[in-house]
Amino acid sequence: MTSHTFDLRAQKRNVFVTQLRDQEDFDDDKADFIKKHAIDESSSKLLSSSIKTLQSTLLIKQASEADKLQEELQKKREEYHEKMLACSSKEEMLRKRQQQIGERVNKFDKFIKETEVKRRRALEKYQNEKRLKEQKTKELQIHTQELRKLRQRFKHLQKKVETFSVYQKYLMKVVDITPGDYFDNTNDSVLLGIMARHKTLFSTFEVLSATLGRKTDEVEAYQQIIQNTKQLYNQQLLIDNSDIAKLQNRLEDITHSNAHLEHVLQTSEEIYRQQRTTLGQVKLAVLNLAEKCVRKHCPPLVSLDILDMLSVIQLFIQEHQDICILARNMKTPPLPDQSDTEQSNSERKTKLNIVNQYLARPSINLLVTSQSEEYF
């Protein structure tokens, strides 16, 4: 029975491919690889088993390839070491260059700040000079306008001097003609005296003109007041005439109305007189009828008015009509029976008693009595 042994050692220091290792470490790794893949078997068994021999050959081949790879790895490590040295030198150069650039940047920043300060100063100076220029330009325009006005005034004064030179000549002629004691001796110049006299006269003229204008306005105001008063008087006169005409028309209307009312009053008095006569006749007739229709138990006619008298007459006529109707109903019917005859006799007796009682009244007339007897 074959036994396989594996040698497990501690982990190496350099693990990554890019790390550098010593030659002793490399030799130890190679020996370990050979021991690891070596097989402790007899030669007879190796010859008998071709498959196992082929595997060992492959392992040896792989070991040789591993050696080649290890050599290439060593070369790569050396190249990497050289490149790292070159990078370190380049890094040092880059650091120095960066330092130089920083110094240059600081210098340039200082230069920029100084330039900015100069630019601001120049800009402020430009703005101040611009404002000063605008101010001076405005002042120049103002002075130019003033100069133009002064020139125009100078020309105007020159024209006035030329215009008034005629008056100056006239005044000089007046001075030559005027005696010397005409003016006050206080004035140094005769022309000044003449001008003072003219000024006094002109002020007096202005005062008088103002007074005249004021008085003229007052006169016009009074004239306007008089005119307005006349207009008001004429208007009031027209109004009064109109009122008088209206009152006259009203007086005529009232006169006609009074005449008409007098005529109506006379007509009404005649109608009233006729109505009063008719009323007296009616009352007299009613009184006569009431005297004929009155009964003993009735009150006297003097205490009754016309309506009560008419009521008495109406009652009397109504009673006579009832008696006539009762008398017509009391006629004997033809051929009655014996029983009916007895009943009718009793009814006739009753009716005769009623008629006799009524006829016993003193106010019944003879006509009604004769009619009732005829019916019975």
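All of these numbers come straight from a predicted model, not from anything done at the bench.

Enquirer: Now, about the overall build of the protein: what can you tell me, with residues and values included?
Expert: Helix and strand content of the protein: seven helices and zero strands. Going residue by residue from the N terminus, the α and β elements of the protein occur as α-α-α-α-α-α-α. With the model as given, the accessible surface of the protein reaches about 33,300 Å², and the carbon-plus-sulfur share is 58%.

Enquirer: Tell me what's going on with the packing of helix 4 (residues 190-293) against helix 5 (residues 306-329), and back it up with residues and numbers.
Expert: The geometry of helix 4 relative to helix 5 is characterised by a closest axis approach of 9 Å and an angle of 45 degrees between their N-to-C directions. As judged from the angle between their axes, helix 4 and helix 5 are oblique. Where helix 4 crosses over helix 5, the handedness of that crossing is left-handed. Facing helix 4, whose interface residues are Lys283, Val286, Leu287, Leu289, Ala290 and Cys293, helix 5 presents Ile306, Met309, Leu310, Val312, Ile313 and Phe316.

Enquirer: Describe a nonpolar patch on the surface, with residues and values.
Expert: A surface patch of nonpolar side chains, about 320 Å² in accessible area, is lined by Phe108, Phe111 and Ile112. As for its position among the elements, phenylalanine 111 is in helix 3 (residues 50-177).

Enquirer: Describe in detail the pattern of salt bridges, supporting the description with residues and values.
Expert: Side-chain pairs of opposite charge can arise whenever the charged atoms involved come near each other. As enumerated under the stated definition, the model contains five salt bridges in all. Here arginine 95 ties to glutamate 92 by a salt bridge, and the two come within 2.6 Å at their closest N and O atoms. Pair noted here: arginine 95 and glutamate 92 are both in helix 3, with a separation of three residues, about one helical turn. The partner of arginine 119 in a salt bridge is glutamate 116, and the shortest N-O contact between them spans 2.5 Å. Of this pair, arginine 119 and glutamate 116 both sit in helix 3, three residues apart, roughly one helical turn.

Enquirer: Before we move on, could you go through helix 5 and cite the residues and values that matter?
Expert: A rise of 1.5 Å per residue sets the reference length of helix 5, with its 24 residues, at 34 Å; its end C-alpha atoms lie 35 Å apart and thus fit the reference within 8%. Considered for burial, the residues of helix 5 that qualify are Met309, Val312, Ile313, Phe316, Glu319, His320, Ile323 and Ala327.

Enquirer: Please set out the nonpolar core residue by residue, giving values where relevant.
Expert: Val286, Ala290, Cys293, Leu304, Met309, Val312, Ile313 and Phe316 form the largest nonpolar core, which has eight residues in total. Mapped by element, the contributors of at least two residues to this core are helix 4 and helix 5. When residues in this core are grouped by element, the largest group, four residues, is from helix 5. In this structure, valine 312 is in contact with Cys293 and Val294, ignoring residues within four places of it in sequence.

Enquirer: I'd like a description of the confidence of the model for the protein, backed by residues and values.
Expert: Taken as a whole, the protein shows an average pLDDT of 76; of its residues, 69% reach a score of 70 or greater. Note that pLDDT drops below 50 for residues 355-376; the model gives that stretch 32 contacts with residues more than four away or on any other chain.

Enquirer: Outline a positive patch on the surface, supporting the account with residue identities and numerical values.
Expert: Residues Arg148, Arg151, Lys155 and Lys159 make up a contiguous surface patch of positive charge. Locating lysine 155 in the fold gives a position in helix 3.

Enquirer: Now, about helix 4: what can you tell me, with residues and values included?
Expert: The end-to-end C-alpha distance of helix 4, which contains 104 residues, comes to 147 Å, matching closely the 154 Å that a straight helix rising 1.5 Å per residue would cover. Residues of helix 4 that are buried: Gly193, Ile194, Val286, Ala290 and Cys293.

Enquirer: Tell me about the side chain of histidine 320, residues and numbers included.
Expert: Relative to the assigned elements, histidine 320 resides in helix 5. There is a polar contact of 3.0 Å between the side chain of histidine 320 and the backbone oxygen of phenylalanine 316.

The rules we used
Residues numbered from 1 in each chain as written. Predicted model: local features only at pLDDT ≥ 70, side-chain atom pairs only at ≥ 80, totals over all residues. Heavy atoms only, no water. Helix = DSSP H or I, 4+ residues; strand = E, 2+ residues; numbered from the N terminus. Areas by Shrake-Rupley, 256 points an atom, 1.4 Å probe, with all protein chains shown as cover. Axes fitted to C-alpha atoms, helices over the stretch in contact; angles between N-to-C directions. Parallel < 35°, antiparallel > 145°, perpendicular 65-115°, else oblique. Left-handed = near helix turned anticlockwise from the far one by under 90°. Contact = heavy atoms within 4.5 Å. Patch = residues over 30% accessible without salt bridge, like charges linked within 9 Å, V, L, I, M, F, W, Y side chains within 5 Å. Salt bridge = Lys/Arg side-chain N within 4 Å of Asp/Glu carboxyl O. Expected span 1.5 Å × (residues − 1). Buried < 20%, exposed > 50% of the residue type's maximum accessible area, 1.4 Å probe, protein only. Core = buried A, V, L, I, M, F, W, Y, C linked by side-chain atoms within 4.5 Å. pLDDT = per-residue confidence, 0-100. Lys, Arg positive; Asp, Glu negative; His and termini not counted. Charge placed at Lys NZ, Arg CZ, Asp CG, Glu CD. Polar contact = N/O pair within 3.5 Å; in protein donor to acceptor, adjacent residues only side chain to side chain.

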